[in-house]
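# Residue-level structure breakdown
Chain by chain, the residues:
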Amino acid sequence: MSKKVVLLDYGSGNIRSGERALQRVGADVTVTADYQQALDADGLLVPGVGAFEACMTGLKSVRGDVVVDRRLTGGRPVLGICVGMQILFAKGIEHGVETEGCEQWPGTVERLQPKHQEPVPHMGWNTVDVPGGSTLFEGIDKERFYFVHSYGVREWALKDTRESVTPKVTWSTYGEDRFVAAVENGPLTATQFHPEKSGDAGAELLANWVRSL
């Protein structure tokens, strides 16, 4: 039976491309802002495009932050994409404005600082540095993925965990500036890149996630 995935529609993100990408890998997808449906689904995908502050405002307007927290408390899978990943962290700083995030992970989303005056935003295909034992990147750890972002998490701040539950953190680099490209942390998974725009590799990543639900 197909896994039921809710793609949270809170006013931010490539809703239709995300929906098509999930359908492509066999998920039964519902696009909605409905609290109960988001809570009850096998998997919840939180998209995000644009400014951190605007995404947090939109998320809170549909109680998405509460849904994410309740799902994770119950061990129910959540996948954040692009700014949908960033808002899972403690805070974001854009144009000098600090905004509180969902605080599922400590850490700060800040502007990228490439070393050689590479243009920001970072747009294009990048390889990623995947840790051993990754479920999300199984079979695709050598592939390239599509990024579009000006901000990222440049330092992983969660230190105090037991080895058995230590999150698997995937990194990428832009102009020698290292940033978090993906996180696998029990039921909570996130990618800075756009799997729905990353061709066959992105489809396989989504398939890996759907299979894990």
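Rules of the game
- Residues numbered from 1 in each chain as written.
- Predicted model: local features only at pLDDT ≥ 70, side-chain atom pairs only at ≥ 80, totals over all residues.
- Heavy atoms only, no water.
- Salt bridge = Lys/Arg side-chain N within 4 Å of Asp/Glu carboxyl O.
- Helix = DSSP H or I, 4+ residues; strand = E, 2+ residues; numbered from the N terminus.
- Buried < 20%, exposed > 50% of the residue type's maximum accessible area, 1.4 Å probe, protein only.
- Pairing = 2+ DSSP bridges.
- Phe/Tyr/Trp six-rings, centres within 6.5 Å; stacked < 30°, edge-to-face > 60°.
- Lys NZ or Arg CZ within 6 Å of the ring centre and 35° of its normal.

### Focus on the pattern of salt bridges
Under the criterion given, the structure shown has 8 salt bridges. The partner of D28 in a salt bridge is K4, and the shortest N-O contact between them spans 3.0 Å. Residue D28 is located in strand β2 (residues 28-32), and its partner K4 is located in strand β1 (residues 4-8); the two are separated by 24 residues in the primary sequence. A salt bridge links D200 to R24; the nearest nitrogen and oxygen atoms lie 2.8 Å apart. Here D200, found in helix α6 (residues 199-212), pairs with R24, found in helix α1 (residues 15-24); they are 176 residues apart in sequence, far enough to count as distant. Neither residue differs from the other here; D200 and R24 are each classed as exposed. Look at the salt bridges and you will find they share partners, linking E110, R154 and D177 into a network.

### Notes on the pairing of strand β7 (residues 105-111)
The side chains of a regular strand alternate between the sheet's two faces. Here 3 bridges tie strand β5 (residues 89-94) to β7, and the two strands are oriented parallel to one another. Bridged to K91 within β7 is T108. Note: β7 against strand β10 (residues 151-153), 3 bridges, orientation antiparallel. Each bridged residue has a counterpart across the sheet, and for E110 the counterpart in β10 is G152.

### Brief notes about the packing of aromatic side chains
Pairs of aromatic rings are described using the distance from one ring centre to the other and the angle between the two planes. This structure, assessed with the given rule, holds 9 aromatic pairs. Taken together, the aromatic side chains of F137, F145, F147, F179 and F193 make up a single cluster linked through ring pairs. For the cation-ring pair, R63 lies above Y35, with the distance from its terminal atom to the ring centre recorded as 4.0 Å. Its guanidinium or amino end placed over the ring of W171, R178 lies 3.9 Å from that ring's centre, counting from NZ or CZ.

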